[in-house]
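Here's the letter readout for the chains.
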Amino acid sequence: MIHISFLLETVIFDVFKLILCKCPETCYNKHGINPPADGVCLDGGMEMWFIKRYAWVYLLAVLGAWAFSSLLSGGVRLAAQVAAMTEPKPMTIVLDPGHGGADGGAVSCSGALESELNLEISLRLNDLLHLAGYRTRMTRSTDVSIHSPEAQTVSERKISDLRNRVALVNETDHALLISIHQNFFEQPKYHGAQVFYAPERSSEELAEAMQAALSSCLDPNNHRAAKPDRTVYLLQNVHCPAALIECGFLSNPPEEQRLHTAQYQKQIACAVLSGLCDYLAERTDLS
Ligand SMILES: [Zn+2]
């Protein structure tokens, strides 16, 4: 678009010369398109007056050309972005709101359950991904555990729940997993979103893109890095790119309060979508 802007300015300058130049012998015709830098023609006299008299016309014309080309380039770019965002995607984003049912996960400093926040954020993210043209699937969309009926004890249900989540992801064609959780630590001073991944190339790239987007969108002072993890059952057993996002610390009172607000939850959803787009922009085989 710089070229269009330059072309428009050049054309306008030529037209300006043709219309306003009353003196064919002035420097404009002698020196071609570009007038002398100091406005003084080698022949002097008339030319200096001419530039001073009509400089503002040229200035306005250039500004007009710049504004028009910016508008044009902005419109074209926006149209391309909207088209790319809304066209159907070949992949399915599996959203996994961590915990659920009897397994509430961590309990926040104000007594809220992690499982509820995980679900609220995941549902918002699900809506946003649909809007952006992504096909999604959720491991749960209500406050339930998805264990099999034969699981009886608490531990059996927990194991069954995790196995069913893994099975759901692995039976989904062209899946990409985003698991939503909240962090907790004994000391309340820690805060900030952090992303975890199983040590595997595509998951690492996904997690790094998510971490960068979360940090820049939510808190530029969050210098946490995406971290490899070998202990999370879900991450270790799925066969697709996967990231587990700890959206914030339920043990940090200010962050815990923010995590409850619709606005912050929407910001998290937007950051995750932004990270996903950045990741997919580098993975032409997936997008
Ligand atoms: Zn959790």
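Just above, that's the structure.
Right, let's walk through the structure included here. The structure presented is a predicted model; accordingly, all values stated were derived computationally and were not measured.

Each value, and the rule that gives it
- Residues numbered from 1 in each chain as written.
- Predicted model: local features only at pLDDT ≥ 70, side-chain atom pairs only at ≥ 80, totals over all residues.
- Axes fitted to C-alpha atoms, helices over the stretch in contact; angles between N-to-C directions.
- Helix = DSSP H or I, 4+ residues; strand = E, 2+ residues; numbered from the N terminus.
- Parallel < 35°, antiparallel > 145°, perpendicular 65-115°, else oblique.
- Left-handed = near helix turned anticlockwise from the far one by under 90°.
- Contact = placed C-beta atoms within 7 Å.
- Nonpolar A, V, L, I, M, F, W, Y, C, P; charged D, E, K, R; others polar.
- Buried ≥ 20, exposed ≤ 12 C-beta atoms within 10 Å, placed from the backbone.
- Pairing = 2+ DSSP bridges.
- Right-handed = clockwise from strand over helix to strand, strands pointing away.

## Considerations on the packing of helix H4 (residues 114–131) against helix H9 (residues 262–282)
In contact at an axis separation of 9 Å, H4 and H9 are set at 50 degrees when each is read in the N-to-C sense. Judged by the angle between their axes, H4 and H9 are oblique. Pair H4 / H9 crosses with right-handed handedness. Here H4 contributes Glu120, Ile121, Arg124, Leu125, Leu128 and Leu129 to the contact with H9, which in turn contributes Gln265, Lys266, Ile268, Ala269, Cys270, Val272 and Leu273. Partitioning the contact of H4 with H9 into residue classes produces nine nonpolar, one polar and three charged.

## Quick word on the pairing of strand S1 (residues 92–97)
The element S1 is extensively covered by neighbouring structure, given that five of its six residues are classed as buried. Examined bridge by bridge, S1 and strand S2 (residues 135–138) share four bridges and lie parallel to one another. Looking at S2, one finds that Thr92 is bridged to Arg135. Read as a crossover between parallel neighbours, the route from S1 over H4 to S2 is right-handed. Pairing between S1 and strand S3 (residues 175–183): six bridges, direction parallel.

## Quick notes on the environment of Ile245
If you trace the backbone, Ile245 turns up in strand S6 (residues 242–249). By C-beta crowding, Ile245 is classed as buried, having 29 other C-beta atoms within 10 Å. Considered as a pair, Ile245 and Ile180 are 65 residues apart in the sequence and their alpha carbons are 5.1 Å apart. Contact partners of Ile245, with chain neighbours within four places excluded, come to Ile178, Ser179, Ile180, His181, Ala193, Val195, Met210 and Val272.

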